[in-house]
Amino acid sequence: MNRVTKYIVSITAGMTFFSCKQKPPDKQESIPVNLYTVESRDVKYYDQYPSTTQALNQVDIIPANVQGYVTGIFAPDGSQVHKGQLLYEIDKRIYQAAYDQAAANVKAAEDNQLQQQQDADRYVYLNQYHAVAKQAYDHAVIALETAKSQTKAAQETLKTAKANLGFSRIYAPFDGTIGFSAVKLGTVVVAGQTVLNTISTNDPIAVDFLVNEKQMLAFERFKDDNKAMPDSLFTLQLPDNSLYPFPGKIAAIDRAVDPQTGTIRVRLVFPNSRNMLKVGMSCVVRVRNQDNTPQMVVPGKAVVEQMGEYFLYVAKDTVINSNTPSLHAVQRKVHLGQTIGGDVIVLSGVNDGDHIIVDGIQSIHDGSAVSTGNKKSGKHKDMR
């Protein structure tokens, strides 16, 4: 062994001796946390669906077969109207003149028919006694039939003129609410094209929403057992987050599932005598869950999301090197159910009696030593 080798060996030995003299690492300090004891309990909660209010009956008011200037608007914008109420009038002078002419033509045709009838009656009488030429008799009969056809044609023309005159005055087809007028006095409208206004029913009112095809059978049962379902099964949350004071009933389910989205439309109806609901409102349908089995409900702040998966930290007693047991955080993957306010239902991953960490989770990881603060237990709640 040369001098250099001896020098290296001596340094190595010295380092080894020095390392043996170092103090052992300090024990890992525990992180203070608060715990929550998981306990299954009865809960009442609602599945929520974005929805839109719809009119059960809604039509655009369009002039049929008549055109011209708007000469009358009789319903205020946004007012309640009744079936048969006059709404608009289109310039009827042309249609009134056509009606008057058609009526005069009917009168002339009827007078001509009466004359031909009298002539034919005379020729029929004379023909019985062979006192008139056969040709004159035939002409009289044919003239009478022609007069009858002319009268019928004139009467049909009068009906058309009367209908057109009637179309110049537009009436409400049903009780409902009329919108803002799309035309003003003097506006020229085109038959079958110009939309004057829109009218819709408002009591009751429909609320449409989409459900996943997997939920379709449940809603079919709701529909079939509509009378047996509780009144509070369907409620409505308004845009200001207040609850509509009247419950709804299921009215219809669409005929087919949308193959693009895998959803199907469901329609509820709500009473609307106070006119609180307007067509086109964005609301939230709340369907009371019918599952009466106890559920594990935990605070939502205890849940950690990582790449689309959800986890809880459970505090577990562990023994290290035969020392005194201490608490450590154990990460558990969980499957979640309905969110209820600030809480969430856990379907699997933890059990009743587990102590989960609810505060301090930002500072821990799987295996972190923890020390307990407050322990909170689940209690019976009416989760709305």
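All of these numbers come straight from a predicted model, not from anything done at the bench.

A. Structural view of the overall build of the chain. Per the secondary structure count, the chain includes four helices and 23 strands. By residue count, 34% of the 384 residues in the chain fall in the buried class. Across the chain, the fraction of contacts at a sequence separation of at least 24, relative to all contacts at a separation of at least 6, is 76%. Of the roughly 23,300 Å² of accessible surface on the chain, a fraction of 53% belongs to carbon and sulfur atoms.

B. Here's a closer look at the environment of proline 259. Relative to the helices and strands, proline 259 is located in the loop between β14 (249-253) and β15 (263-270). Assessed through its relative accessible area of 74%, proline 259 is described here as exposed. Between the C-alpha atom of proline 259 and that of glutamate 213, which follows or precedes it by 46 residues, the distance is 9.9 Å.

C. Looking closely at the sheet that holds strand β4 (residues 58-61). Spatially, the four strands line up as an open sheet ordered β4-β11-β9-β6, and their pairing is antiparallel. Either end of the sheet is taken by a strand with one partner, and the two such strands are β4 and β6 (80-81). Pairing of β6 with strand β9 (residues 176-178), which is carried by two bridges, proceeds in the antiparallel orientation. For valine 81, the partnering residue across the bridge sits in β9 and is glycine 176.

D. View of the nonpolar core. Counting residues in each nonpolar core, the largest one holds 23 residues, and the members touching the most others are Phe219 and Leu236. For this core, the elements supplying multiple residues, two or more each, are β12 (205-212), α4 (216-224), β13 (234-237), β14, β15 and β16 (282-288). Once residues lying within four places of it in the same chain are set aside, the contact partners of leucine 236 are Ser51, Val207, Ser242, Leu243, Tyr244, Phe270, Leu277, Cys283, Val284 and Val285. Membership of the second largest hydrophobic core comes to 18 residues, among which are Ile61, Tyr88, Val183 and Ile199.

E. Looking closely at the packing of helix α2 (residues 93-128) against helix α3 (residues 134-167). Two numbers describe how α2 lies on α3: the axes approach to 7 Å, and their chain directions differ by 160°. As far as their axial angle goes, α3 and α2 are roughly antiparallel. Both α2 and α3 take part in a crossing whose hand is left-handed.

F. Quick peek at a nonpolar patch on the surface. Judged by side-chain polarity, Tyr125, Leu126 and Tyr129 come together as a nonpolar surface patch covering roughly 340 Å² of accessible area. Note that tyrosine 125 resides in helix α2.

G. Examining the side chain of asparagine 197 more closely. Along the chain, asparagine 197 turns up in strand β11 (residues 197-200). A polar side-chain atom of asparagine 197 sits 3.0 Å from the main-chain carbonyl oxygen of glycine 179.

H. Representation of the pattern of salt bridges in the model. Within the structure shown, the criterion is met by 11 salt bridges. For arginine 93, the salt bridge goes to aspartate 91, with nearest N and O atoms at 2.7 Å. For aspartate 208, the salt bridge identified is with arginine 267, shortest N-O distance 2.7 Å. Placement of the pair is aspartate 208 in strand β12 and arginine 267 in strand β15, with a sequence separation of 59 residues. Note on aspartate 208: relative accessible area 7%, which makes it buried. Through salt bridges with shared partners, one network takes in Asp208, Arg265 and Arg267.

I. The pairing of strand β20 (residues 326-340), seen in detail. In this sheet, β20 lies alongside strand β19 (residues 309-318) in antiparallel orientation, the contact comprising nine bridges. By the bridge assignment, tyrosine 310 is partnered in β20 with valine 334. Between β20 and the antiparallel strand that follows it, strand β21 (residues 343-348), lie two residues; glycine 341 among them carries a positive phi value of about 60°.

J. Representation of the confidence of the model for the chain in the model. Residues of the chain with pLDDT of at least 70 account for 86%, and the chain-wide mean is 83. Low pLDDT (under 50) marks residues 2-26, which in the prediction has one contact with non-local residues, meaning those over four places away or in another chain. Every residue in residues 379-384 is under pLDDT 50, and counting partners more than four places away or in other chains gives 18 contacts.

K. Structural detail: α2. Its 36 residues place the ends of α2 53 Å apart at the C-alpha level, agreeing with the 52 Å of an ideal helix rising 1.5 Å per residue. Buried within α2 we find Tyr95, Ala102, Val106, Ala109, Gln116 and Ala120. In this structure, the buried side of α2 is in contact with α3. Just downstream of α2 lies histidine 130, where phi reads positive at about 55°.

L. Geometry of the environment of glutamine 193. Structurally, the position occupied by glutamine 193 is in the loop between β10 (188-189) and β11. Note on glutamine 193: relative accessible area 60%, which makes it exposed. C-alpha separation for the pair glutamine 193 and isoleucine 62, spaced 131 residues apart in sequence, amounts to 6.5 Å.

Rules and cut-offs
Residues numbered from 1 in each chain as written. Predicted model: local features only at pLDDT ≥ 70, side-chain atom pairs only at ≥ 80, totals over all residues. Heavy atoms only, no water. Helix = DSSP H or I, 4+ residues; strand = E, 2+ residues; numbered from the N terminus. Buried < 20%, exposed > 50% of the residue type's maximum accessible area, 1.4 Å probe, protein only. Contact = heavy atoms within 4.5 Å. Areas by Shrake-Rupley, 256 points an atom, 1.4 Å probe, with all protein chains shown as cover. Pairing = 2+ DSSP bridges. Core = buried A, V, L, I, M, F, W, Y, C linked by side-chain atoms within 4.5 Å. Axes fitted to C-alpha atoms, helices over the stretch in contact; angles between N-to-C directions. Parallel < 35°, antiparallel > 145°, perpendicular 65-115°, else oblique. Left-handed = near helix turned anticlockwise from the far one by under 90°. Patch = residues over 30% accessible without salt bridge, like charges linked within 9 Å, V, L, I, M, F, W, Y side chains within 5 Å. Salt bridge = Lys/Arg side-chain N within 4 Å of Asp/Glu carboxyl O. Polar contact = N/O pair within 3.5 Å; in protein donor to acceptor, adjacent residues only side chain to side chain. pLDDT = per-residue confidence, 0-100. Expected span 1.5 Å × (residues − 1).

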